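Residues per chain, in single letters:
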Amino acid sequence: MLTGELQIRVRYAETDRMGLLHHANYLVYFEQGRTELLRQSGRSYKELEDGGFFLVLAKVEVRYRAPARYDDLLTLRTIVTRTTPVRIEHRYEVLRDSQLLAEGSSTLACVDREGQLQAMPEWLYQ
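In this report, we go over the structure that sits alongside the text. These figures come from a predicted structure and were not determined experimentally.

1. Re the overall build of the chain
Item 1. Looking only at helices and strands, one finds three helices and five strands in the chain.
Item 2. When the helices and strands of the chain are read in sequence order from the N terminus, they spell out β-α-α-β-β-β-β-α.
Item 3. Taken against the 2.2 N^0.38 rule, which gives 14 Å for 126 residues, the C-alpha radius of gyration of the chain at 15 Å falls within 12% of a compact globule.
Item 4. For the chain, the residues scored as buried account for 40% of the 126 residues in total.
Item 5. Considering only contacts within the chain whose residues lie at least 6 apart along the sequence, 66% involve residues at least 24 apart.
Item 6. Working note: accessible area of the chain is about 7500 Å², and carbon and sulfur atoms make up 48% of it.
Item 7. Distance between charge centres in the chain, computed from 17 positive and 18 negative side chains, equals 4 Å.

So, in structure tokens, the structure goes:
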């Protein structure tokens with residue numbers, strides 16, 4: 001399974017009035033993890049989209065276990081758990097030090113410029 005990690009520092013603009021990371025920003029972090037994982041494999045979303053392949057979010061889940069706070073340094077672990085010719089599934093773990101703060105999963109589907117389901121390039125699902 002393809003796995004990647006990146007460090008993210010919680011910025012003030014990403015927090016709510018209580019100084020906690022706003023729940024919606026976890027999804028932004030997940031996207032950042034997917035983007036960097038693709039880049040780590042020597043490709044980019046831009047390259048994929050320039051070729052007429054678009055990955056759209058079909059399903060996403062987040063389970064919040066403990067809050068992240070302003071200025072926390074987080075580790076985001078992104079793992080590809082399953083690929084098919086038209087879908088990619090990821091699992092995510094957000095950690096502060098070794099404490100699991102949130103975990104999630106997503107399913108991306110590959111579509112063409114008209115939004116019709118299509119097979120991904122072979123290099124993406126093998």
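2. Observations concerning the packing of aromatic side chains
In this description, an aromatic ring pair is defined by two values, namely the gap between the centres and the angle between the planes.
Item 1. One pass over the structure, following the stated rule, counts three aromatic pairs.
Item 2. Plain terms: the ring middles of Tyr12 and Tyr70 are 5.5 Å apart, the flat faces sit at 90° to each other, and that makes the pair edge-to-face. With a gap of 58 residues between them, Tyr12 in the loop between β1 (3-9) and α1 (25-40) and Tyr70 in the loop between β2 (54-64) and β3 (73-83) connect regions that are remote in the sequence.
Item 3. Relative accessible area serves as the criterion here: at 44%, Tyr70 is assigned to the partly exposed category.
Item 4. Judged by centre distance (5.1 Å) and plane angle (75°), the rings of Tyr26 and Tyr64 are edge-to-face. Here Tyr64 lies in strand β2 and Tyr26 lies in helix α1, a separation of 38 residues in the sequence.
Item 5. Tyr26 sits in the buried class, given a relative accessible area of 3%.
Item 6. Classification of Tyr64 by relative accessible area gives partly exposed; the value is 41%.

3. With respect to unusual backbone geometry
Item 1. Of note, Asp71 is a non-glycine position whose phi angle comes to about 75°, a positive value.
Item 2. Secondary-structure assignment places Asp71 in the loop between β2 and β3.
Item 3. What makes Asp71 partly exposed here is its relative accessible area of 42%.
Item 4. The phi dihedral of Asp97 is positive, around 55°, even though this residue is not glycine.

Thresholds, definitions, all that
- Residues numbered from 1 in each chain as written.
- Predicted model: local features only at pLDDT ≥ 70, side-chain atom pairs only at ≥ 80, totals over all residues.
- Heavy atoms only, no water.
- Helix = DSSP H or I, 4+ residues; strand = E, 2+ residues; numbered from the N terminus.
- Rg over C-alpha atoms; globule rule 2.2 N^0.38 Å.
- Buried < 20%, exposed > 50% of the residue type's maximum accessible area, 1.4 Å probe, protein only.
- Contact = heavy atoms within 4.5 Å.
- Areas by Shrake-Rupley, 256 points an atom, 1.4 Å probe, with all protein chains shown as cover.
- Lys, Arg positive; Asp, Glu negative; His and termini not counted.
- Charge placed at Lys NZ, Arg CZ, Asp CG, Glu CD.
- Phe/Tyr/Trp six-rings, centres within 6.5 Å; stacked < 30°, edge-to-face > 60°.

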